[in-house]
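Analysis of the macromolecular model
This is what each chain is made of:
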Amino acid sequence: MVERKLVSDKKIYPSGSAFLMPDGVATKYNSGCPRFVVLSVGSVRKEIHPIYAKLGAVHEDWYAEQLGGRLKHRELPVKFALQDGIEVSGRIDFVDMDGDPHETKATMSKNALYDMRKGKVQIGHLAQLVGYMIYTERTKGYIAVGFYKHVPLPDHMYNFERKETRVFTITINEDGDILADEQHTGYNTLHHMRFTKLI
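Residues numbered from 1 in each chain as written. Predicted model: local features only at pLDDT ≥ 70, side-chain atom pairs only at ≥ 80, totals over all residues. Heavy atoms only, no water.

**Some thoughts on the packing of aromatic side chains**
Operational definition: Aromatic rings from Phe, Tyr and Trp, taking only the six-membered ring of Trp, are treated as a pair when their centres fall within 6.5 Å; an angle between ring planes under 30 degrees marks them as stacked, one over 60 as edge-to-face, and anything in between as tilted. Secondary structure elements are taken from DSSP: a helix is a run of H or I of four residues or more, a strand is a run of E of two residues or more, and numbering for both begins at the N terminus. Throughout, exposure labels follow a simple rule: accessible area from a 1.4 Å probe, protein chains only, divided by the maximum for the residue type, with under 20% read as buried, over 50% as exposed, and the rest as partly exposed.
All told, the structure shown has three aromatic pairs when counted by the stated rule. Here the aromatic rings of Phe 19 and Tyr 187 are separated by 4.3 Å at their centres, their planes lie at 10°, and the arrangement is stacked. Here the residue Phe 19 occupies a position in strand β3 (residues 19-21), and Tyr 187 occupies one in strand β11 (residues 183-188), the gap between them amounting to 168 residues. Classification of Tyr 187 as buried rests on a relative accessible area of 14%. Here the aromatic rings of Trp 62 and Tyr 63 are separated by 6.3 Å at their centres, their planes lie at 40°, and the arrangement is tilted.

**Details of the pattern of salt bridges**
Cut-off, in case you're wondering: The salt bridge definition used is simple: a Lys or Arg side-chain nitrogen within 4 Å of an Asp or Glu carboxyl oxygen.
Throughout the structure, instances matching the rule amount to seven salt bridges. Its salt-bridge partner being Arg 117, residue Glu 164 comes within 2.3 Å of it at the nearest N-O pair. Taken together, the residues Glu 164 in strand β9 (residues 157-172) and Arg 117 in helix α3 (residues 110-118) connect sequence positions 47 residues apart. Arg 117 sits in the exposed class, given a relative accessible area of 54%. Residue Lys 163 is joined to Glu 161 by a salt bridge in which the shortest nitrogen-to-oxygen separation is 3.1 Å. The class of Lys 163 is partly exposed, set by a relative accessible area of 42%.

**Comments concerning unusual backbone geometry**
Trans is the prevailing form of peptide bonds, just as negative phi is the prevailing case for residues other than glycine. Positive phi values are uncommon outside glycine, yet Glu 75 reaches one of about 55°. Among the structural elements, Glu 75 can be located in strand β5 (residues 71-81). Despite not being glycine, Glu 182 shows a phi value in the positive range, around 70°. Mapped onto the elements, Glu 182 comes out in the loop between β10 (177-180) and β11.

Next comes the structure, spelled out in structure tokens:
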């Protein structure tokens with residue numbers, strides 16, 4: 001477990017991370033109002049519907065098989081304090097033998113599939129992984145996105161069929177610029193850290 005002394009009641013959950021840009025906050029809650037985004041992010045930790053919980057577990061299990069012998073940790077807790085008494089609390093889906101974090105994201109959204117095919121990483125997913133990369137001092141990480149279809153089974157049961165996947169390689173260069181598959185995303189680690197100060 002990555003842990004440093006905890007000293008605060010203010011918490012940052014990397015799953016609700018974002019980027020503070022000059023024209024507003026960039027996240028899945030797109031808004032020019034930082035207060036709205038911070039409040040929205042606070043609501044991210046609601047109960048997950050059983051269908052989506054199962055979908056996430058199915059995708060994680062599939063990705064664990066893909067990592068095979070490269071897998072070092074699964075569901076690695078991350079807890080430590082930043083300056084100004086802010087506590088980071090989260091859980092990295094996977095860490096490989098090189099120490100790089102991997103986040104898995106499963107979806108049934110055709111819009112997400114379209115973005116995936118175009119090589120576009122969802123902002124919220126990118127911000128979450130970058131948060132883990134910053135907090136664990138890594139310059140490389142991965143986002144494994146899977147598109148699934150819901151398959152009804154007898155007796156009101158359900159299953160999922162994986163249709164497409166894409167693993168994005170995320171890197172942070174020496175200037176703090178964030179790249180996805182070697183393409184600039186337009187975000188920098190400073191944008192992430194500026195959002196953190198809004199919490």
